[in-house]
Amino acid sequence: MTNETLVKAEDVTKVYNTGKIEVHALTGVTLEVHQGDLMAIVGPSGSGKTTFLNLVGALDIATGGQLTVLGNDVSTMSKRRRADLRLHALGFVFQAYNLVPVLTARENVEFVLELQGIGGERAWRATEILDQLGLGEFADRRPNEMSGGQQQRVAVARAVASKPQLVLADEPTANLDGENAEILLSMMRRLNREQNITFIFSTHDPRVVAHARRVVTLVDGRVAKDQTKTPGPLSGAPAESEEK
Amino acid sequence: MDCGSLGAGGGNARMRPSISTRYAICSLRRHLRRTILAILGIGLGSAVCLFMIAFVRGEGKMMLKAAAESGAGHLRVVPAQWPKTRENDLRLGDWEKIRDLMRDTEGVTAVTPHARTEGLLAFGTRVAGVEILGVDPVTEQKTNRLVRNIPEGHYLRAGALGTTVIGRALAERLDVEIDDLLMITVAKADGEMSGAMLRIVGLAQTGSEELDSGICHVNLEDVESLTGRAGAADLTAMVANPKRLGHLVRNLGEKLSDDCAVVTWEEIMPELASGVKVDETWTRLTVGIVMIVIFLGIMSAQLAAVLERRREFAVLSAVGMRGGRLIRVMLAEGIVLGLFGSVLGLVLGLPAAYYVATKGIDFTKMYGGADLAVSNVLFDPVFKGDFGWWLIPLAFELALTATILSSLYPAWFAMRTDPATALRAEQ
């Protein structure tokens, strides 16, 4: 496992203008994310967790500071280049699963591969990914024919189908019960360990925090705490921590 | 269309449409009722447009045919000054040579000479002013349907000089019968009055009193001797394919000398030509309005679909879908709607167009029994539409143009969806 820096945030700020009111979602965030990290961003609602993920995911642009993702200065990239960065190097998992409802699980995974320009082999590759993640039996089901946990696992399959270096998961377990959350987190940890995929979660969920090797706490848009720790066993028991 | 069957099982990849296409097609199934209503709208609109276009096209053809067969012909060779002066006194030089040249031109089916002069017909104390038409009896009846029906007597015969065929209404006005002698008076070229006695050999009946009261045909040689002007004033031709009229006019123009001009029926009967153009313009306007209604309806439905799917588009954008592909997806949805709408338009429009092409629409009652004669042209009161294979591509053209154009704005709107904002708004 290398220690390459994937994300470097230096004094990053994000201000939303909602009419006459300015909302400072992030204020001077400075941190680095390294290859192989399994990082949880925690904090109360409105602390800037999702905003940070959106900036790292090149979905939004910082108002100030410098944010480098996989060597790219996101704020200077065109819309098209940001889309390419997302397609080839980033994966997303959302709280509400957000699978395309009219497509089957396999097609949802295939869609990303098609966007990458993969032709004839994409169906086979999508099936292989679903099989690897134990989702083979759901391949031909549409989202409304699956449980929330199954849908979220398919969403993870979609996120990793393009072989990204970094997966951003926004509250991935918020809508899942304990058992499904454990299955999902185990799957992500396995992908992190076996494929060296870096994960950044935003979460309120202590189960997610328990699985993380690093926990960044945001309060009012600032980094309040940055801890590295040994992830707990899959049962979710907390582990000893080391504050930076 | 079953979306499941489109992609299920991962079958033969070469036979399967792309996921983007499947996504577009399946998205239309999401709100099946709305999609069906949209297709119904496109189909009905296309059917109305097809019917109107077919009818007006047929009506135009009928008008052209009626005008051509009412003595005007499809085209005429006239003296070069005629288009400006429209004087009956002008004559063609060496008209028989020109006639032979016209007859030898490919696409010309009949050629007949004419010479006109204004004159007074008198019988006893009754007098009528008419336009006397000098004709070649052998060819005139083939090109002029106004004198095909001679219920009493017969049409003019070649070489039988001093005879005339007049309309029945004119005969009644003058109170004459077959074999009566009419006194005819015309102005000669030198200004002197010239007169002759003409024996009535036939009475023409067109079905229009107005037209019947203006028919007075004599042999061309009689007009020559009465007016003192030798030759024909025009050579009227019928053509096999009126669509190629422009080509024929150019072809003839190149062959003829500068003292002749070739004019089409539109120049000969400008009021009728403008009537046809007005009809066509109204049709285009109506078709345009129907198309705009379809356009707005589809755009509204597509825009509603885009607004409902903003989060979906945001997610697709997040996973790396570029704006161009999103536009293609939206256009694919428009094309699918357009294709189904075209088929429905054909299903509804073709039978209606076929009916009006074969049975026609009878305007007899609308005209209250009055004849349909306008500008010396006799029209059939049963108007028939045009029908042919051209309707099929037209249906697709109409529906697809409307749906593709109406998909552009929603597609652009979808492309502009900001993923971060859309995802945040949904949360």
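Residues numbered from 1 in each chain as written. Chains lettered and ligands numbered in written order. Predicted model: local features only at pLDDT ≥ 70, side-chain atom pairs only at ≥ 80, totals over all residues.

Focus on the overall build of chain B
The cut-off we apply is this: Per the convention used, a helix needs a DSSP run of H or I reaching at least four residues, while a strand needs a run of E reaching at least two, with both numbered from the N terminus. As defined in this context, the radius of gyration uses C-alpha atoms, and a globule is described by 2.2 Å times the residue total to the power 0.38. To assign burial, the other C-beta atoms lying within 10 Å of each residue's own C-beta are counted, with C-beta atoms placed from the backbone; 20 or more indicates buried, 12 or fewer indicates exposed, and intermediate counts indicate partly exposed. Contact between two residues is assigned when their C-beta atoms, built from the backbone, lie within 7 Å.
Helices and strands together make up the secondary structure of chain B, namely 16 helices and 14 strands. For a compact globule of 427 residues, the expected C-alpha radius of gyration is about 22 Å, and chain B comes in at 32 Å, more than 25% above that figure. Considering only C-alpha atoms, chain B reaches an extent of 100 × 50 × 40 Å along its principal axes. For chain B, with 427 residues in total, the buried portion stands at 42%. Sequence separation of at least 24 residues holds for 81% of the intrachain contacts in chain B that already meet a minimum separation of 6.

Quick look at the nonpolar core
Nonpolar side chains tend toward joint burial in soluble globular proteins. Our working definition: A set of buried Ala, Val, Leu, Ile, Met, Phe, Trp, Tyr and Cys residues, joined to one another through C-beta atoms within 7 Å, is what we call a nonpolar core.
Judged by nonpolar contacts, the single largest core of 130 residues is most densely connected at Ile-200 of chain A together with Leu-50 of chain B. Of the residues forming this core, the biggest block, 13 residues, is contributed by helix α3 (residues 32-69) of chain B. Residues contacting Leu-50 of chain B, with those up to four places away along its chain left out, are Gly-345, Gly-349, Ala-353, Leu-391, Leu-394 and Ala-395 of chain B. In this structure, Val-78, Met-102, Leu-133 and Leu-226 of chain B belong to the second largest nonpolar core, which totals 61 residues.

Let's talk about the pairing of strand β3 (residues 126-135) of chain B
Residues and elements named next belong to chain B. Just so we agree on the cut-off: Being paired, for any two strands, means DSSP has found at least two bridges between them.
When strand β2 (residues 108-123) meets β3, the two strands line up antiparallel, connected through 10 bridges. Each residue of the ladder has a partner; that of Gly-119, found in β3, is Val-130. The antiparallel pairing of β2 with β3 creates a hairpin that spans two residues between the two strands, and Gly-124 there sits at a positive phi of about 65 degrees. Bridging between β3 and strand β8 (residues 216-219) involves three bridges; their strand directions are parallel. Looking at β8, one finds that Val-135 is bridged to Asn-219.

Thoughts on the domain arrangement of chain B
Residues and elements named next belong to chain B. Under the convention used in this document: Segmentation of the chain into domains, including their bounds, is taken from an automatic or database domain assignment. Residues were grouped as follows: Ala, Val, Leu, Ile, Met, Phe, Trp, Tyr, Cys and Pro as nonpolar; Asp, Glu, Lys and Arg as charged; and all remaining residues, including Gly, as polar.
Each assigned domain of chain B is listed with its residue range as follows: domain 1 (3-66 + 273-426) and domain 2 (73-268). Counting residues at the interface gives six residues for domain 1, matched by 11 residues for domain 2. For the side of domain 1 that touches domain 2, the per-class residue count stands at four nonpolar, one polar and one charged.

As for the confidence of the model for chain A
The following threshold applies: On a scale of 0 to 100, pLDDT captures the predictor's confidence in every residue.
Across chain A, pLDDT averages 88, with 94% of residues at or above 70. For the stretch residues 235-244 of chain A, pLDDT sits under 50, and the model shows 23 contacts to residues farther than four places along the chain or on other chains.

Remarks on the interface of chain B and chain A
The interface is formed by 26 residues belonging to chain B together with 27 residues belonging to chain A. No other element matches the eight residues that helix α2 (residues 19-30) of chain B contributes to the side of chain B that touches chain A. Classifying every residue of the side of chain B that touches chain A gives 12 nonpolar, eight polar and six charged.

Remarks on the pairing of strand β3 (residues 38-42) of chain A
All names here are of chain A. Of all five residues that make up β3, five are buried, and the element is covered over most of its length. The alternating pattern of β3 places Leu-38, Ala-40 and Val-42 on one face and Met-39 and Ile-41 on the opposite face, and all of these are buried. Pairing of β3 with strand β8 (residues 198-203) involves five bridges; the strand directions are parallel. Within the sheet, the bridge partner assigned to Met-39 lies in β8 and is Ile-200.

Focus on the packing of helix α14 (residues 323-358) of chain B against helix α15 (residues 391-415) of chain B
Residue and element names in this part refer to chain B. We apply this condition: Axes here mean lines fitted to C-alpha atoms, for a helix over just the part in contact, with angles spanning 0 to 180 degrees between N-to-C directions. When an angle is under 35 degrees it counts as roughly parallel; over 145 it counts as roughly antiparallel; between 65 and 115 it counts as roughly perpendicular; any other value is oblique. Left-handed describes a crossing whose near helix is turned anticlockwise from the far helix by less than a right angle; the clockwise case is right-handed.
In contact at an axis separation of 7 Å, α14 and α15 are set at 150 degrees when each is read in the N-to-C sense. Classified by the angle between their axes, α14 and α15 sit roughly antiparallel to one another. In this structure, α14 meets α15 at a crossing whose hand is right-handed.

Quick notes on the environment of Val-15 of chain A
Residue and element names in this part refer to chain A. Note on placement: Val-15 falls in strand β1 (residues 5-18). With 14 C-beta atoms counted inside 10 Å, the residue Val-15 sits in the partly exposed group. The sequence separation of Val-15 and Val-69 amounts to 54 residues, and the corresponding C-alpha distance is 20 Å.

Topic: the sheet that holds β1 of chain A
The strands making up a sheet associate through backbone hydrogen bonding, with each pair oriented either parallel or antiparallel. Residue and element names in this part refer to chain A. Ordered by their spatial adjacency, four strands build an open sheet running β2-β1-β4-β5, and the pairing between neighbours is antiparallel. Sheet topology places β2 (21-34) and β5 (72-73) at the edges, where each strand pairs with a single neighbour. Alignment of β1 against β2, held across 10 bridges, turns out to be antiparallel. Considered in β2, the bridge of Val-12 is made with Val-29.

Observations regarding the environment of Thr-109 of chain B
Residues and elements named next belong to chain B. With respect to the helices, strands and loops of the structure, Thr-109 is situated in strand β2. Owing to 13 C-beta atoms within 10 Å, Thr-109 belongs among the partly exposed residues under this scheme. Residues Thr-109 and Ala-240, spaced 131 residues apart in sequence, show a C-alpha to C-alpha distance of 6.0 Å. Those residues in contact with Thr-109 that sit more than four places away from it in its chain are Met-238, Val-239 and Ala-240.

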